[in-house]
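Chain residues, written in single-letter form:
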Amino acid sequence: MKSWSRLPVLFARRILLAVTLAMLSLAPALANPMLLVDMDNFEVLHAEEAGQPWHPASLTKMMTAYVTFEQIALGRVTLDTPVVISRNAFNQAPSKSGLPVGSALTLKDALYVMLVKSANDVSVAIAETVGGDQVSFVALMNDAARRMGMSATHYANPNGLHDPAQVTSARDMAVLALYLRQSFPQYLPIFGTASVVLNGKTLESENKLLERFAGTTGMKTGFVCASGLNIVATVERNGRRLLAVVLGGASGRDRNERTADLVLKGLNGQALPTGQTVLNLANNVGAAPVDMRPRICGKESKAYVAAQEAAFPLGLEGQPSNLTDTVATASYTATDLGRIAVGVSIPRPRPAHVPMFPAAVAEASLAGDLRPALTAAPATGGTTPFPRPRPASR
């Protein structure tokens, strides 16, 4: 039984809490970073807080993929290289693949599981396989960010699990997306895949635009409490190719609907060129990254979500939605190679086939100053002679 002397204090605290929540719900919604870019000419069509440092969460895996693609191009690994789930990889927090310690995937399958499921264990396993160890791989990530001019970006791990030192900006994520599209178009189907089947289980992407917003071609979502819900999305419709970045969403609905709304404004002419390109868009270098933890996972979350819903109700019950399309999505089946003993030499794969005629460059129209200083070795290392063809029959 409560003491009568404490009732006024308890009542006052409840009044104060109610007033605080009411004030928070009436506060204006936070202006989260948003950026819309025309991928054909890099023109910025819309930008809000695009240079503000932000925690990337699993958008980090876009750079993990980029560095891996570079190392494949340099001939240091191949798509057939086994990626083994180490104890360190297995101990990563979810989201995870479900594979036990010692299990292996080919590097190709591992990339699909990492990018579609956003599996943190597989991301670390890729880093250990490609870089030798996680620290060395993260150094490669930061070197690539430097070469790309991602001045607001620093990486501390390959999967995006929260680290205070892991930061980026909407501007930098757009630049990274453009590099991926320009330098490695052959891997873009991975970013547009909606599900991966592994050991009979379907692992689904959180990028719901792939199945509900026509023309979506990729790329990646991410979430930790400190970042809110992030997304980089690419859309191609009616001859237009647009790239949208939205950081800090209050919910999946908020993030996805804002992204679709931003793209639609670009498609229908409501978002026009600002006179800037993404390459000369400034980062707020030196500013502290925003910490969304109190608003997303803390005591302010209820009031914050209510404020965001009031400011942007699209997709709520009884409200119109931008995500009404029915899209046939791509799925991929990955193969669990089983347990591979560590320290046992793996047979070297056959040299990769070198085509007689080079493939057309899908992104040849992009500006030359976006290309990183990468000189790829031939797939075979340039040392393996190819058999001479048989003479034609007479």
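Scroll up for the structure.
Here the structure is a predicted model, which means the values were calculated and not measured. (Residues numbered from 1 in each chain as written. Predicted model: local features only at pLDDT ≥ 70, side-chain atom pairs only at ≥ 80, totals over all residues. Heavy atoms only, no water.)

Description of the overall build of the protein chain
Phase 1: Along the protein chain, the regular secondary structure elements total 12 helices and 10 strands.
Phase 2: Per-residue burial for the protein chain yields a buried fraction of 46% across its 394 residues.
Phase 3: Here the protein chain displays about 19,300 Å² of accessible surface, and carbon together with sulfur accounts for 56% of that area. (Helix = DSSP H or I, 4+ residues; strand = E, 2+ residues; numbered from the N terminus. Buried < 20%, exposed > 50% of the residue type's maximum accessible area, 1.4 Å probe, protein only. Areas by Shrake-Rupley, 256 points an atom, 1.4 Å probe, with all protein chains shown as cover.)

Side note on empty space enclosed by the protein
Phase 1: One pass over the full model with this rule turns up one cavity of 30 Å³ or more.
Phase 2: Volume-wise, the largest cavity comes out at about 40 Å³.
Phase 3: In terms of lining, the largest cavity is formed by His55, Pro56, Ala57, Gly160, Leu161, His162, Asp163, Gln166 and Val224.
Phase 4: Partitioned by chemical class, the residues of the lining of the largest cavity number four nonpolar, four polar and one charged. (1 Å grid on protein atoms, 1.4 Å probe; cavity = no way out; pocket = protein on both sides within 12 Å on 5 of 7 lines; lining within 4 Å. Points joined across faces, edges and corners; volume = space filled by probe spheres on them. Nonpolar A, V, L, I, M, F, W, Y, C, P; charged D, E, K, R; others polar.)

A few points about the packing of helix α2 (residues 60-73) against helix α7 (residues 170-183)
Phase 1: Direction vectors running N to C along α2 and α7 enclose 35°, while the axes themselves pass 10 Å from each other. Two packed elements cross with a definite hand, and for α2 against α7 that hand is left-handed. For the pair formed by α2 and α7, the contact residues are Met62, Met63, Tyr66 and Phe69 on the first element and Met173, Leu176, Ala177, Tyr179, Leu180 and Ser183 on the second.
Phase 2: Classifying every residue of the contact of α2 with α7 gives nine nonpolar, one polar and no charged. (Axes fitted to C-alpha atoms, helices over the stretch in contact; angles between N-to-C directions. Left-handed = near helix turned anticlockwise from the far one by under 90°. Contact = heavy atoms within 4.5 Å.)

Considerations on the state of the cysteines
Phase 1: Scanning the entire structure with this criterion turns up one disulfide.
Phase 2: A disulfide bridge connects cysteine 225 with cysteine 297, and the sulfur atoms are separated by 2.0 Å. Given an S-S torsion of about -85°, the disulfide between cysteine 225 and cysteine 297 has left-handed geometry. Of this pair, cysteine 225 sits in the loop between β7 (216-224) and β8 (228-237) while cysteine 297 sits in the loop between α11 (293-296) and α12 (301-311), and the two are 72 residues apart along the sequence.
Phase 3: Residue classification places cysteine 297 among the partly exposed positions, given a relative accessible area of 40%. (Disulfide = S-S within 2.5 Å.)

Focus: the sheet that holds strand β6 (residues 201-204)
Phase 1: Pairing in this open sheet of three strands is mixed, and the strands run β6-β5-β10 from one edge to the other. For this open sheet the edge positions go to β6 and β10 (330-334), each flanked by a neighbour on one side alone. Direction aside, neighbouring strands of the sheet carry axes that sit 25° apart on average.
Phase 2: Alignment of strand β5 (residues 193-198) against β6, held across four bridges, turns out to be antiparallel. Following the sheet pairing, valine 197 is matched in β6 by threonine 202.
Phase 3: Contacting β5, β6 and β10, helix α4 (residues 107-117) crosses the sheet at an angle of about 125° to β5. (Pairing = 2+ DSSP bridges.)

These values are about where atoms sit, not about what they do.
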